[in-house]
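Structural overview
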Amino acid sequence: MPSEFDPMWEYSTQLVHAGERLVHPPGRPTTTPLYSSSTYYHDSLDAFNDALAGHGYAYGRNGNPTNVAFERAAAIAEAGTAAVSTGSGMAAIYTALLAAGRVHGGALRTIVAPRDVYGATTVMLRDFFAPNGIQILTCDMTDLDALDALLAAHTVDVVYVEQLSNPLFRVVDMHAICSRAHAHGARIVVDNTIATPIVQKPLILGADFVCHSATKYFAGHGDVSGGIVVVRDDAAAAALAHNNATLGMVLGPYEAQQILRGIKTMPLRVERQNASATTVAQWLATHPNVARVHYPGLPTHPDHATALRTLGGRFGAMFAFELAPSVVLEQFVERLRMILMVSTLGDIYTMVSIPALASHRGLTPDERAARGISDQLIRVSIGIEAVDDIIADFAHALG
Ligand SMILES: *Cc1c(COP(=O)(O)O)cnc(C)c1O
């Protein structure tokens with residue numbers, strides 16, 4: 001057993017080891033400590049062997065107790081059996097797609113993705129999958145007939161779905177998509193970042209992999225980046241663990257601890273944010289300086305019926321609205337006194353972003369128009385402030 005102190009050691013040697021690896025007296029911490037160790041030692045060669053074989057901790061890239069605590073909480077949050085954390089949401093999506101290909105029996109050949117998929121995911125599919133010979137098909141996931149036609153015409157390995165799209169908040173019928181995809185032997189990978197498991201748990205509805213940008217609602221406080229993939233079968237979990245150990249897309253333990261803390265209040269935050277979003281969206285829909293509100297909780301939204309039928313009475317904590325042509329966008333933005341203009345979502349703060357300038361700036365005005373994204377469109381992520389203060393700030397900015 002290595003010692004932490006030996007009076008025979010030189011002073012400099014003593015300071016290298018002093019205080020480390022102490023055996024603590026009884027009394028265990030109630031919350032998971034931050035394990036910032038990148039390696040783990042063992043009392044015997046047998047124990048070390050076991051750890052290297054996967055039954056213990058040996059090296060940080062292969063596992064860390066703080067990350068395991070976050071992964072366990074995330075698995076429970078999404079009604080899965082296992083989860084693997086990653087350095088960001090994009091890494092979660094990447095590793096989930098690779099793992100979906102592996103458990104599918106080797107190479108990925110064809111992925112069907114939503115037409116209005118998240119911007120960075122579009123770029124990932126275009127620059128990192130398509131050049132390797134993987135066919136990327138796009139589909140309006142709210143149109144089940146269109147999905148059926150694609151599944152009938154191609155051998156699809158993965159159907160990639162987002163619940164609550166950005167920025168028009170389209171709602172997909174998750175159960176219907178999963179049963180269709182499975183009937184054709186495809187795996188379903190879901191980006192559930194915007195909906196959150198408080199609104200819907202895709203694994204219960206048939207999905208195989210659920211990814212999150214844990215940067216958003218899981219962490220919730222805008223102070224950390226991270227990702228998580230949750231699954232419900234051992235083969236998928238093993239494929240994800242293999243990816244992390246080999247490709248090194250690991251999350252740091254500090255971030256894991258912060259997100260673990262965020263998960264504890266996620267139901268409280270997200271329920272309040274959902275309720276406030278409904279109130280604010282209804283209020284904006286009656287405002288004379290607002291041309292239109294895109295929120296699945298309003299009867300005017302094209303997916304209101306799907307939302308009512310499948311989302312368990314919640315409609316998400318985000319929406320978008322179009323300023324009336326008479327309102328000058330710059331003036332609206334500059335008159336906000338509490339609401340922040342940023343390019344993220346899911347924080348405790350109420351935040352707006354302008355898709356034409358931020359998430360969809362890479363598209364031409366015509367391409368944006370084809371997707372229904374006008375230059376006057378404002379995307380809103382509702383925070384946990386008192387709803388009257390949120391409305392008051394919008395009222396002031398709208399004039
Ligand atoms: C933010 C986001 C991502 C990417 O997550 P990062 O943590 O920024 O890497 C993926 N999908 C959706 C829907 C997002 O909002």
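Predicted model only: the values in this text are computed from it and were never measured.

Bringing the sheet that holds strand 7 (residues 227-231) into the picture now. Spatially, 1-7-6-5-4-2-3 is the arrangement adopted by the seven strands of the open sheet, whose pairing is mixed. Two strands in the sheet have a free side with no partner beyond their single neighbour: strand 1 (82-86) and strand 3 (135-139). When the angles between neighbouring strand axes are averaged without regard to direction, this sheet yields 20 degrees. Sheet topology places strand 2 (residues 110-114) next to strand 3; five bridges connect them, and they run parallel. Directly across from T110, in strand 3, lies its bridge partner Q135. In the packing of helix 5 (residues 119-129) onto the sheet, the strands contacted are strand 2, strand 3 and strand 4 (158-162), and the crossing angle to strand 2 comes to about 160 degrees. Contacts from helix 8 (residues 234-247) reach strand 1, strand 6 (209-213) and strand 7, with the element oriented near 20 degrees to strand 1.

Here we take up the domain arrangement of the protein chain. Domains assigned within the protein chain are domain 1 (1-62), domain 2 (64-261) and domain 3 (265-398). Averaged C-alpha coordinates put domain 2 and domain 3 at centres separated by 25 Å. Listed as interface residues are 31 residues of domain 2 and, on the opposing side, 40 residues of domain 3. At the surface where domain 2 touches domain 3, the tally comes to two salt bridges. Across the pair D173 and R309 runs a salt bridge, and its minimum N-O distance is 3.1 Å. On the surface where domain 2 and domain 3 come into contact, there are 11 residue pairs in polar contact (both at pLDDT 80 or more).

It is worth spelling out the site of the ligand at this point. As a matter of local geometry, the ligand sits amid S88, G89, M90, I93, Y118, D191, T193, S213, T215, K216, G226 and L345. In this structure, a nitrogen atom belonging to the ligand sits 2.6 Å away from a side-chain N or O atom of D191. A distance of 2.7 Å is found between an oxygen atom of the ligand and a side-chain nitrogen or oxygen belonging to T215. Here the ligand, which alone exposes 380 Å², has 89% of that area covered by the protein. A total of three residues in the shell around the ligand trace back to one element, the largest contributor, which is helix 4 (residues 89-103). Of the residues that constitute the shell around the ligand, the class distribution is four nonpolar, six polar and two charged.

Cut-offs used in this document
Residues numbered from 1 in each chain as written. Predicted model: local features only at pLDDT ≥ 70, side-chain atom pairs only at ≥ 80, totals over all residues. Heavy atoms only, no water. Pairing = 2+ DSSP bridges. Helix = DSSP H or I, 4+ residues; strand = E, 2+ residues; numbered from the N terminus. Axes fitted to C-alpha atoms, helices over the stretch in contact; angles between N-to-C directions. Contact = heavy atoms within 4.5 Å. Domains from an automatic or database assignment. Salt bridge = Lys/Arg side-chain N within 4 Å of Asp/Glu carboxyl O. Polar contact = N/O pair within 3.5 Å; in protein donor to acceptor, adjacent residues only side chain to side chain. Near = heavy atom within 4 Å. Areas by Shrake-Rupley, 256 points an atom, 1.4 Å probe, with all protein chains shown as cover. Nonpolar A, V, L, I, M, F, W, Y, C, P; charged D, E, K, R; others polar.

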